[in-house]
Amino acid sequence: MLVSARSFAEYRAMFALTDRDLDQRILDCPGGAASFVAEAGRRGIDAVAADREYAVHRVELGLLVERESRFKRELLLQETADFTPSWYADTDDLIRQWTANARLFRADIAARPERYVAGELPELPFPESSFDLVLSSHLVFSYGNRLGEEFQRAALLELARVARREVRLFPLTVYDTGERYPALERLREELAGAGIGSRVERVAYEFQPGDGEMLVLSCAGYRAPPATAPPATAVDPVRWRHREAARPGAVRPGE
Ligand SMILES: C[S@@+](CC[C@H](N)C(=O)[O-])C[C@H]1O[C@@H](n2cnc3c(N)ncnc32)[C@H](O)[C@@H]1O
């Protein structure tokens, strides 16, 4: 699996993020070497990233993304032989952008390590409803044929457990085939049965041709069953802005 490094602008387009969306507590999972959290931090946005690689590589991840450029170029040239990812002029431009984004990631994870939490789906180390909005790009569905339907189901429920309001996922297509994840509708029905509504929305971003759609899960009515309660090691690395804001007389950061 590629560790990619998309930018804040790509996340904004991929997940149709409005200024209002960005004024919430956000989780990016999996964060990879993306610069979303780093660039969000510069804008005063309260965002945290989680990825299983942060348990091992942390700062080195950005460096790895940079150093792997030549290997990645060959791989991407093979994997994207029948299309040009539309956000980028060509594969070299993609490598150039990901390298620049990975540098931002590397500087931020060194400066604000508490914003980057080691966590492996389908079990994240956060209490229920820790984030208002959860963004998940290029893992669930995208690697669906390699990870299996049971993993997708468990991962979706786990992302919904830690989201107070919404989970947004991109893309809905399988990376290897470019086709929509075959069990998508079945999983949506199962989520509906658990109290999680969903809708598919078009967005102004494509990586593979025709993949410009995200899935939005509405989590406000979902309560995870006790069996999937957060593990004893649950962490809350940064302050819970929305909970503080709800307290009488509380002053929100930046106000
Ligand atoms: C293709 S990258 C996407 C990164 C970022 N969202 C982006 O678009 O640039 C996929 C990431 O998923 C992470 N990953 C794979 N399996 C995971 C799991 N079970 N739980 C958490 N992260 C996982 C990998 O370490 C990798 O960083």
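Starting from 1, residues in each chain are numbered consecutively following that chain's sequence as written. With pLDDT at 70 or above as the cut-off, local features in this predicted model cover only qualifying residues; side-chain atom pairs require 80 or more to be listed or tallied, and sums for whole chains, interfaces and linings still use all residues. The side-chain values count all of the structure's non-hydrogen atoms but skip hydrogen atoms and water molecules.

Caption draft 1: How the structure looks around the overall build of the protein. In terms of regular secondary structure, the protein is built from ten helices and seven strands. When the 255 residues of the protein are sorted by exposure, 53% land in the buried category. Residue exposure ignores everything except the shown protein chains as possible cover, and the areas themselves are Shrake-Rupley values with a 1.4 Å probe. Accessible area for the protein stands at about 11400 Å²; split by element, carbon and sulfur atoms hold 51% of it. Numbering of helices and strands runs from the N terminus; a helix is a DSSP stretch of H or I covering at least four residues, while a strand is a stretch of E covering at least two. Throughout, exposure labels follow a simple rule: accessible area from a 1.4 Å probe, protein chains only, divided by the maximum for the residue type, with under 20% read as buried, over 50% as exposed, and the rest as partly exposed.

Caption draft 2: Quick peek at the site of the ligand. Taken together, the neighbourhood of the ligand is formed by 21 residues, with Arg6, Pro30, Asp51, Leu121 and Ser137 sitting nearest. A distance of 2.8 Å separates a nitrogen atom of the ligand from a polar atom in the backbone of proline 30. Here a polar contact means two N or O atoms within 3.5 Å. Within protein one must be a hydrogen donor candidate and the other an acceptor candidate, and residues neighboring in sequence count only if both atoms are side-chain atoms. Within the side chain of aspartate 51, a nitrogen or oxygen atom sits 2.7 Å from an oxygen atom of the ligand. Protein burial of the ligand: of its 600 Å² of free accessible surface, 97% is covered by the chains. We define proximity as follows: a residue is near a molecule or strand when any one of its heavy atoms falls within 4 Å of that partner.

Caption draft 3: Representation of the pattern of salt bridges. What makes a salt bridge here is a side-chain nitrogen of Lys or Arg within 4 Å of a carboxyl oxygen of Asp or Glu, nothing more. In this structure the tally under the stated criterion is 23 salt bridges. As a salt-bridge pair, glutamate 149 and arginine 186 come within 2.9 Å of each other at their nearest N and O atoms. Of this pair, glutamate 149 sits in helix α8 (residues 149-161) while arginine 186 is found in helix α9 (residues 184-193), placing the two residues 37 residues apart along the sequence. Looking at glutamate 149, the relative accessible area reads 22%, which means it is partly exposed. Overall, arginine 186 belongs to the partly exposed group, its relative accessible area being 46%. Here arginine 165 ties to glutamate 166 by a salt bridge, and the two come within 3.7 Å at their closest N and O atoms. Taking relative accessible area as the criterion, glutamate 166 reaches 8% and is therefore assigned buried. It is possible to trace a salt-bridge network through shared partners that takes in Asp21, Arg165, Glu166, Arg168, Arg199 and Glu201.

Caption draft 4: Spatial organisation of the side chain of aspartate 21. By secondary structure assignment, the location of aspartate 21 is in helix α2 (residues 19-22). Aspartate 21 sits in the buried class, given a relative accessible area of 7%. The residues contacting aspartate 21, other than those within four sequence positions of it, are Ala16, Ile26, Leu133, Arg165 and Arg168. Residues are treated as being in contact if the distance between any of their heavy atoms lies within 4.5 Å.

Caption draft 5: Region of interest: the sheet that holds strand β2 (residues 47-51). Strands pair, by our definition, only if DSSP identifies at least two bridges between them. Within the open sheet, the seven strands sit side by side as β3-β2-β1-β4-β5-β7-β6. Their pairing is mixed. Every other strand in the sheet has two partners, leaving β3 (116-118) and β6 (197-202) as the edge strands with one partner each. Going from strand to strand, the sheet's axes swing by 20 degrees on average, the running direction of each strand aside. Helix axes are fitted to C-alpha atoms over the stretch in contact, other axes to C-alpha atoms as well, and angles between N-to-C directions run from 0 to 180 degrees.

Caption draft 6: Representation of helix α6 (residues 91-111) within the structure. One less than the residue count of a helix, multiplied by 1.5 Å, gives the span that helix is expected to have. Given a rise of 1.5 Å per residue, 21 residues ought to cover 30 Å, and the 30 Å separating the end C-alpha atoms of α6 matches this to within 8%. Along α6, the residues classified as buried are Thr91, Asp93, Leu94, Ile95, Gln97, Trp98, Thr99, Asn101, Ala102, Phe105, Asp108 and Ile109. Two or three places before aspartate 92, at the start of α6, stands the capping residue aspartate 90, its side-chain oxygen 3.2 Å from that residue's backbone nitrogen.

Caption draft 7: Just unusual backbone geometry, in detail. The peptide bond linking leucine 121 to proline 122 adopts the cis configuration, its omega dihedral lying at 15 degrees. Assignment of secondary structure puts proline 122 in the loop between β3 and β4 (131-137). Following phenylalanine 170, the chain continues to proline 171 via a peptide bond in cis, the omega torsion being -10 degrees. Structurally, proline 171 can be placed in the loop between β5 (163-170) and α9. Even without being glycine, alanine 16 reaches a positive phi, approximately 45 degrees. Note that alanine 16 resides in the loop between α1 (8-14) and α2.

Caption draft 8: Just the environment of leucine 139, in detail. Assignment of secondary structure puts leucine 139 in the loop between β4 and α7 (144-147). For leucine 139, a relative accessible area of 11% puts it in the buried group. Spatially, the C-alpha atom of leucine 139 lies 8.4 Å from that of phenylalanine 170, the residues being 31 residues apart in sequence.

Caption draft 9: Broad picture of the packing of aromatic side chains. In this analysis, rings of Phe, Tyr and Trp, with Trp reduced to its six-membered ring, are considered paired at centre separations within 6.5 Å, and the interplanar angle assigns stacked below 30 degrees, edge-to-face beyond 60, and tilted for intermediate values. Across all of its chains, the model carries 13 aromatic pairs by this definition. Summarising the aromatic geometry, the rings of phenylalanine 8 and phenylalanine 36 are spaced 5.5 Å apart at their centres and angled 10 degrees between planes, so their arrangement reads as stacked. Here phenylalanine 8, found in helix α1, pairs with phenylalanine 36, found in helix α3 (residues 36-42); they are 28 residues apart in sequence, far enough to count as distant. Assigned by exposure class, phenylalanine 8 and phenylalanine 36 land together as buried. Here phenylalanine 105 and tyrosine 116 contribute two aromatic rings whose centre-to-centre distance is 5.4 Å and whose plane-to-plane angle is 90 degrees, an arrangement assigned as edge-to-face. Taken together, the positions of phenylalanine 105 in helix α6 and tyrosine 116 in strand β3 put the pair eleven residues apart, joining distant regions of the chain. In this structure tyrosine 116 comes out as buried when scored by relative accessible area, which is 2%. The rings of Phe8, Tyr11, Phe15 and Phe36 are connected pair by pair, giving a single aromatic cluster. Consider the ring centre and the ring normal. A charge sits over the ring if Lys NZ or Arg CZ is within 6 Å of that centre and within 35 degrees of that normal. A cation over an aromatic ring shows up here: arginine 6 above the ring of phenylalanine 207, its NZ or CZ 4.8 Å from the ring centre. Between arginine 43 and the ring centre of phenylalanine 8, over which it is positioned, the NZ or CZ distance is 4.0 Å.

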